[in-house]
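Chains, contacts and geometry: an overview
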Number of protein chains: 2
Amino acid sequence: MLSGHQTWIFKQQPTIISSGTVGGPFEAQGNIAHDFDILHDDMWLNQDSFEKSQQTMLEEACQIAIKKSDINKEQVNFFIGGDLINQITPTTFAASTMGVPYFGLFSACATSMESLALSALMINGNHADYILSGTASHHAATEKQFRFPTEYAGQKPPTAQWTVTGAGCVLVAQNGTGPVITSATIGKVNDMGITDPYNMGAAMAPAAVDTILTHLKEREVDADYYDLIITGDLGKIGRQTSFDLLNEHGLQLKEDQYVDCGLVIYKDDQPVQAGASGSACSAVVTYGHYLKLLEKREIERILVVATGSLHSPLSVQQKDTIPSIAHAVSIEIGSDQT
Amino acid sequence: MLSGHQTWIFKQQPTIISSGTVGGPFEAQGNIAHDFDILHDDMWLNQDSFEKSQQTMLEEACQIAIKKSDINKEQVNFFIGGDLINQITPTTFAASTMGVPYFGLFSACATSMESLALSALMINGNHADYILSGTASHHAATEKQFRFPTEYAGQKPPTAQWTVTGAGCVLVAQNGTGPVITSATIGKVNDMGITDPYNMGAAMAPAAVDTILTHLKEREVDADYYDLIITGDLGKIGRQTSFDLLNEHGLQLKEDQYVDCGLVIYKDDQPVQAGASGSACSAVVTYGHYLKLLEKREIERILVVATGSLHSPLSVQQKDTIPSIAHAVSIEIGSDQT
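Note that the coordinates shown come from a computational prediction; the quantities given were computed from them, not determined experimentally.

Let us look at the overall build of chain A. Of the regular secondary structure elements, chain A holds nine helices and 15 strands. Taking 20 Å as the expected radius of gyration for a compact globule of 338 residues, we find that chain A reaches 18 Å, a close match to that expectation. Counting all 338 residues of chain A, 69% fall into the buried class. Taking all contacts inside chain A whose residues are at least 6 apart in sequence as the whole, residues at least 24 apart take part in 78%. If you average the places of the 20 positive and of the 38 negative side-chain charges in chain A, the two averages end up 1 Å apart.

Next up, the structure:
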């Protein structure tokens, strides 16, 4: 049901019955390496383009999620996903391989939660029995498309993030054991006039703040309802900016309650500037790491606020501003687990 | 509710309470010119890029739909849409201008019906009161992106379509007067090995056939339930191919019952090769032309089968195949009109 203007409450408890996450070689050196189902030791995966490598990772993540469940692919009603690449071809080509009815999405790095919100909506209203929801990104494919090919070895400013090479997918069902999706808030596009594609955190921070404040108000819960509020890839500076902005709006979060996916995935000594980004960032951190903590009951309630910058290489060339969006989905321990 | 594997039946009759359609100078010379709300006499709309011109048309279509209704913009819960351009920036920038919570989609020229299906889903389950659903395309922006800049004056084969310059938007609501959305079938990705970006009809025809057959089976109606089955932009050859394929599968449609949006919009003597394409094609023809016929009760039930080719310029360069998809939505005269 609709609560407020842009928030959904899911009373039927759509359940995440399984997940699959895949990472690349750089992710294999990071903080949550042990949480991935598959880690690849090169960027190519025996494919002839980085985009096809990204497609392969998404296919693997979906196959793992299905394999971990007790259903087969033919029982999946819909596959919902998208990515950063022009015309989201890696996701589409993966959907073609899987042969499941398909919704293509684009919300840049917020795609994971746009997809999860729609999956929960369909399951909640009995419009599907099983849904695969996933996304992928690839560092080299993204650099080539949005910035410069990595071979140019361009220097980056300290606000620049590193795009995650990986894929994350969940299988959402009407029944089963696992964490449940309890609510979702769909964000508005925010445009604060940022034009620098090396400073996405600044562009996305206001979107995250807007969606978090709206979510808490419309769901009618306090911030401490959630053990963790996990934002997408704002980077070190964007995380601090949004933390301060929330504080200015009267929302005093505890330091360790406010987590940035982009800062979780890599170790401090990995040569990244400001954490990670990419549509896979929120997906692999949430579906690989935090779902496990929920399943172990180390945490009970999280709000995942995936953030995306909705520009294209063309709009960057034209010096347009970089509008951003954030979609929030809450995941909690299901009643069968309490 | 779910009927079969991939079809939704909407029992609460989500209603299309208003629409807005915008066209360019070439569309102004076509068959349905009198159906547009706005016709522009140049391709630029005083913007400095074709992509921004496309964005402006979408904004206009949304504004018209709202203006024709008795609600204001602030009552719209969600804007759902997408387009063909990299990272769907025209739609996103329009969403930014409108300030309405936003779902970005990508299903190429099938986006209009992906969007309408999701809008009906949200309205049907009381997850929204009002939704704006729309898409736009622009001939010059699309040529530049997927083929060659028009200034190159490249010769095209007879299977090549002309991308519609236009935008179409509808306002979907829980109550009100207007045609209602009764069902939707979400397509699978079809890949028949076509690699020629000048022969989209061949790539999309099997997707249309698959979705039409699935829809009729899962909704449990015969083809003659519908006054018209209106496909997306298959072109002259694609239309004939799909008509023949349906026949081979035992579905004998009447010639004038099976309509191609791409052949409706332009006159025979306009210098196009095989009809029209573009994400706006299905949108402006359905929302501009056929909704009016439904409102006048000249027809009572239509099935709109928007078709999209899910490739990118990059995948064309790589000589990948062009996977395609078709999403079908049925629109009928509402019970308050019968």
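Now for unusual backbone geometry. Working note: non-glycine residues mostly have negative phi, and peptide bonds are mostly trans. All names here are of chain A. If you check the backbone angles, Ile88 has positive phi at about 35° while not being a glycine. Take Ile88: it is sitting in the loop between strand 5 (78-82) and helix 2 (89-98). Note on Ile88: relative accessible area 1%, which makes it buried.

Residues and elements named next belong to chain B. With eight of nine residues buried, strand 3 (residues 15-23) is to be regarded as a mostly interior element. For strand 3 and strand 9 (residues 166-173), the ladder comprises eight bridges, and the chain directions are antiparallel. Within the sheet, the bridge partner assigned to Ser18 lies in strand 9 and is Leu171. In this structure, strand 3 lies alongside strand 4 (residues 38-39), joined through two bridges in parallel fashion. Across the sheet, Val22 pairs through a bridge with Ile38, a residue of strand 4.

Residues and elements named next belong to chain B. With 14 residues, helix 3 (residues 111-124) should reach 20 Å at 1.5 Å per residue; the first-to-last C-alpha distance of 20 Å fits that figure. Summarising burial for helix 3: 14 of the 14 residues are buried, a large majority. Positioned one or two residues after helix 3, Asn126 has a phi angle of 60°, which is positive.

This part covers the pattern of salt bridges. All names here are of chain B. A full pass over the atoms with the stated rule returns 18 salt bridges over all chains. In this structure, Lys52 engages Asp48 in a salt bridge whose closest nitrogen and oxygen atoms are separated by 3.4 Å. Its relative accessible area of 60% is what places Asp48 among the exposed residues.

About the criteria used
- Residues numbered from 1 in each chain as written.
- Chains lettered and ligands numbered in written order.
- Predicted model: local features only at pLDDT ≥ 70, side-chain atom pairs only at ≥ 80, totals over all residues.
- Heavy atoms only, no water.
- Helix = DSSP H or I, 4+ residues; strand = E, 2+ residues; numbered from the N terminus.
- Rg over C-alpha atoms; globule rule 2.2 N^0.38 Å.
- Buried < 20%, exposed > 50% of the residue type's maximum accessible area, 1.4 Å probe, protein only.
- Contact = heavy atoms within 4.5 Å.
- Lys, Arg positive; Asp, Glu negative; His and termini not counted.
- Charge placed at Lys NZ, Arg CZ, Asp CG, Glu CD.
- Pairing = 2+ DSSP bridges.
- Expected span 1.5 Å × (residues − 1).
- Salt bridge = Lys/Arg side-chain N within 4 Å of Asp/Glu carboxyl O.

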